[in-house]
Amino acid sequence: MVKRAVKNTLGIHRVGLMLYLGDLPIRVGGFHPLGTNEIIINRRLMKSPLDVRGKANIFTLLLHEYLHSLGYIDEREVRALTHQISAENFGNDHPVTRAAVVGPWPDVDMEEYGDTVEDMNLELIRDFERVESHYII
Ligand SMILES: [Zn+2]
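Along every chain, residues carry numbers that run from 1 in the direction the sequence is written. For a predicted model such as this one, the threshold for reporting local features is a pLDDT of at least 70, and the threshold for listing and counting side-chain atom pairs is 80 or more; totals across whole chains, interfaces and linings nevertheless cover every residue.

Caption draft 1: Inspection of the environment of Tyr20 at higher detail. Secondary structure elements follow DSSP: runs of H or I no shorter than four residues count as helices, runs of E no shorter than two count as strands, and numbering proceeds from the N terminus. Counting through the fold element by element, Tyr20 comes out in strand β1 (residues 18-22). According to the C-beta neighbour criterion, Tyr20 is partly exposed, with 17 such atoms within 10 Å. Between the C-alpha atom of Tyr20 and that of Gly35, which follows or precedes it by 15 residues, the distance is 16 Å. Apart from residues lying up to four places away in sequence, Tyr20 is in contact with Glu38, Ile40, Leu122, Glu123, Leu124 and Ile125. With C-beta atoms placed from the backbone, a residue is buried if 20 or more other C-beta atoms are within 10 Å of its own, exposed if 12 or fewer are, and partly exposed between those counts. Placing a C-beta atom from the backbone of each residue, one calls two residues in contact when those atoms lie within 7 Å.

Caption draft 2: Just the packing of helix α3 (residues 75-90) against helix α4 (residues 95-102), in detail. Axis definition: a line fitted to C-alpha atoms, limited for helices to the stretch in contact. Angles are taken between N-to-C directions and run from 0 to 180 degrees. Close contact between α3 and α4 brings their axes to 8 Å; oriented N to C, the two are set at 170 degrees. What the angle tells us is that α3 and α4 run roughly antiparallel. Across from Thr82, His83, Ser86, Ala87 and Phe90 in α3, the residues of α4 making contact are Val96, Thr97, Ala100 and Val101. Charged means Asp, Glu, Lys or Arg here, nonpolar means Ala, Val, Leu, Ile, Met, Phe, Trp, Tyr, Cys or Pro, and polar covers whatever is left, Gly included. Looking at the contact of α3 with α4, its residues break down into five nonpolar, four polar and no charged. In this scheme, roughly parallel covers angles under 35 degrees and roughly antiparallel covers those over 145, while 65 to 115 is roughly perpendicular and the rest are oblique.

Caption draft 3: Just the sheet that holds strand β2 (residues 30-31), in detail. Strand pairing follows a simple DSSP-based rule, namely that at least 2 bridges must link the two strands. The four strands are arranged β2-β3-β1-β4 in an open sheet whose pairing can be described as mixed. Edge positions in the sheet fall to β2 and β4 (123-124), since each has one partner strand and no second. Here β1 pairs with β4 via two bridges, running antiparallel. Following the sheet pairing, Tyr20 is matched in β4 by Leu124.

Shown next, in the form of structure tokens:
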């Protein structure tokens, strides 16, 4: 869905990405190490059970890091694009578009903000792009 939305709005697309979940400091949504094909999303921001808002937050985190992987480096530009892509594909009142504005942090306890993590416990999400390759065939 993230890739389709980006393709719709910006007309660009990338394959061969690897997605990892990791335990990152709570203030970090995720990151994309420059020059790699990796996207790491903060597992700690994925609270279960996944309601509509939880899913919208994951969409926003994935979209943000996917834009970085496409070569958008400036944070303000990425945030603006995340909102624009969400609004164009889902409409202004959709939870995804609201998540693009507020992010997952309103649900986070302020006391957790300064935390650090010892071990990211990276977990590779297998077959992350399998659905898409089926789709292309
Ligand atoms: Zn960023």
